[in-house]
Amino acid sequence: MREVEFLPDWYPRLRRRRRSVTTQAWSTLAISAILGIWILMSQRHVSAKQRELVEISSSLTQSVVEVERLKQLVELHNQLKGQDKIFGIIGRPIEMTRILTTLDELMPADMGLLDLAVMTEEVKAETLAAKAQQERGTNRRVKMRMQGVAPTDSDLASFLAKLTAKPFFSNVAVTYSRPRQEDGHAMREFEVTFALDLGGLGGN
């Protein structure tokens, strides 16, 4: 005997539809959650790449600045190298005031300067080193002749020792040294010659 069905025909269909809608809702929620997580991870990845791009851009800017600075240093080096080559040919400029100051520092307190003659001369290439120097154009020097008075021979000897000790002065020699009377005071009049190499002068 068949069981009597009291539910209408549309009710089972409604239940199946509800289950289908519920399943779709849960599926949609799961997909949305997965999509949200994927978007969040993508945003973090994009943010990391943006920070990396900023760091690379900053590093590139710093590199450009360093390259420009290096370029300026190379240009300055080439300029100084060219000037050094010119100075090697014509000789470095010297300041007479600095030479006079140096001589004044070397002279004893009671020594006096009467005259100072400065002449530029060419150095003859008598040795292999001199010939090599001449080929580089550094065979010019300044020759100086100094006349002065000193109280005693010991003062003159002290001055000559200090003058010879200076590395940029060479060929120090006494041309003459003789007695001199002035206003009843006895002293020594002398003449000293020495040279200053323009090629080897450092310009300082």
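Residues numbered from 1 in each chain as written. Predicted model: local features only at pLDDT ≥ 70, side-chain atom pairs only at ≥ 80, totals over all residues. Heavy atoms only, no water.

K.L.:
With reference to specific residues and values, describe the packing of aromatic side chains.
P.N.:
Within this structure, the stated rule accounts for three aromatic pairs. Both rings, one in Phe159 and one in Phe190, keep their centres 6.4 Å apart while their planes meet at 45°; by these two values the pair is tilted. In this pair, Phe159 sits in helix 4 (residues 153–165) while Phe190 sits in strand 4 (residues 185–197), placing the two residues 31 residues apart along the sequence. The buried category is assigned to Phe159, whose relative accessible area is 0%. Considering the side-chain rings of Phe168 and Phe169, the 4.8 Å spacing of their centres and the 70° angle between planes classify their relative orientation as edge-to-face. Taking relative accessible area as the criterion, Phe169 reaches 5% and is therefore assigned buried. Among the aromatic residues, those joined into a cluster by ring pairs are Phe168, Phe169 and Phe194. (Phe/Tyr/Trp six-rings, centres within 6.5 Å; stacked < 30°, edge-to-face > 60°. Helix = DSSP H or I, 4+ residues; strand = E, 2+ residues; numbered from the N terminus. Buried < 20%, exposed > 50% of the residue type's maximum accessible area, 1.4 Å probe, protein only.)

K.L.:
Mind laying out the environment of Leu114, listing which residues take part and the relevant values?
P.N.:
Take Leu114: it is sitting in strand 1 (residues 112–122). Through-space distance from the C-alpha of Leu114 to that of Val149 is 7.3 Å; in sequence the pair is 35 residues apart. Ignoring anything within four residues of it in the chain, the contact list for Leu114 reads Gln147, Gly148, Val149, Arg180 and Glu189. (Contact = heavy atoms within 4.5 Å.)

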